[in-house]
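If you want the building blocks of each chain, they are given just below.
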Amino acid sequence: MVKPNEFQGKEIVELKQLVLEVMSSMDLWSKEQLTKLLELDIGLLRSNATQRHGVTRWKKGIINPSKIDDVEVIDLHPELLTQKWKPYGAWVLHHEYIHALGYLAHDRIFRELENLWPSSESSKMGPKFTEYLRKKRAKWIWKCPKCSKEFPRQKKGLGKYMCRNCRVPLKDIPLNS
């Protein structure tokens, strides 16, 4: 867990309040559950993470985590605290809170609970957020010479990778950072 700075700490408090306010309006969660969620620590993932947007971390030694008391910390990507990504950050925190409440698998019930979030747009921001993170860290673009599809990457492909659609080797294009 990366410790949040003062600005990030304030943003986390605001995000927690927003998410818990929305969850309390769902009439699904008890006051006790929401109070325990409020008490959970929220940390940050490393800023160089590109795949993971949030994670619920369970206390060590717990074999079958199933309740809020088993949660060590919920980590969020620091970019989710920026104005641009805050709506998606709220959705991610809601997602992680569902895990903390004992719903571990991404099954039908979990998805139904997740879909209770009032903003359907924010739940669809995940792929754009991943693309944003990848482009931010990229030093190379792997580009298909046939269809021009681009893949931001951190290292050269050296012709080893092929376009999924066209089946031609991708070209390395350096990004000037």
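Residues numbered from 1 in each chain as written. Predicted model: local features only at pLDDT ≥ 70, side-chain atom pairs only at ≥ 80, totals over all residues. Heavy atoms only, no water.

A. Focus on the overall build of the chain. Along its length, the chain carries 6 helices and 6 strands. In sequence order, the secondary structure elements of the chain are arranged as α-α-β-β-β-α-α-α-α-β-β-β. In the chain, buried positions account for 41% of the 177 residues. Accessible surface for the chain amounts to roughly 11000 Å². Of this, 51% is attributable to carbon and sulfur atoms. Between the averaged position of the 32 positive side-chain charges in the chain and that of its 21 negative side-chain charges there is a distance of 13 Å. (Helix = DSSP H or I, 4+ residues; strand = E, 2+ residues; numbered from the N terminus. Buried < 20%, exposed > 50% of the residue type's maximum accessible area, 1.4 Å probe, protein only. Areas by Shrake-Rupley, 256 points an atom, 1.4 Å probe, with all protein chains shown as cover. Lys, Arg positive; Asp, Glu negative; His and termini not counted. Charge placed at Lys NZ, Arg CZ, Asp CG, Glu CD.)

B. Highlighting the sheet that holds strand β6 (residues 171–174). Taking strand neighbours across the sheet as the criterion, the 3 strands line up as β5-β4-β6 in an open arrangement whose pairing is antiparallel. Bordering the open sheet on either side are β5 (150–153) and β6, each of which pairs with just one other strand. Ignoring strand direction, the axes of neighbouring strands in this sheet form an average angle of 30 degrees. Bridge analysis of strand β4 (residues 140–143) against β5 gives 4 bridges, and the strand direction is antiparallel. Residue pairing for β5: Lys143 is matched across the bridge by Glu150. (Pairing = 2+ DSSP bridges. Axes fitted to C-alpha atoms, helices over the stretch in contact; angles between N-to-C directions.)

C. Highlighting the pairing of strand β3 (residues 71–76). Burial analysis of β3 places 5 of its 6 residues in the buried class, the great majority of the element. Both strand β1 (residues 42–44) and β3 contribute to a ladder of 3 bridges, which runs parallel. Looking at the pairing, Gly43 lines up with Asp75 of β3. The pairing of strand β2 (residues 54–58) with β3 spans 5 bridges and is antiparallel. By the bridge assignment for β3, Thr56 is matched with Ile74.

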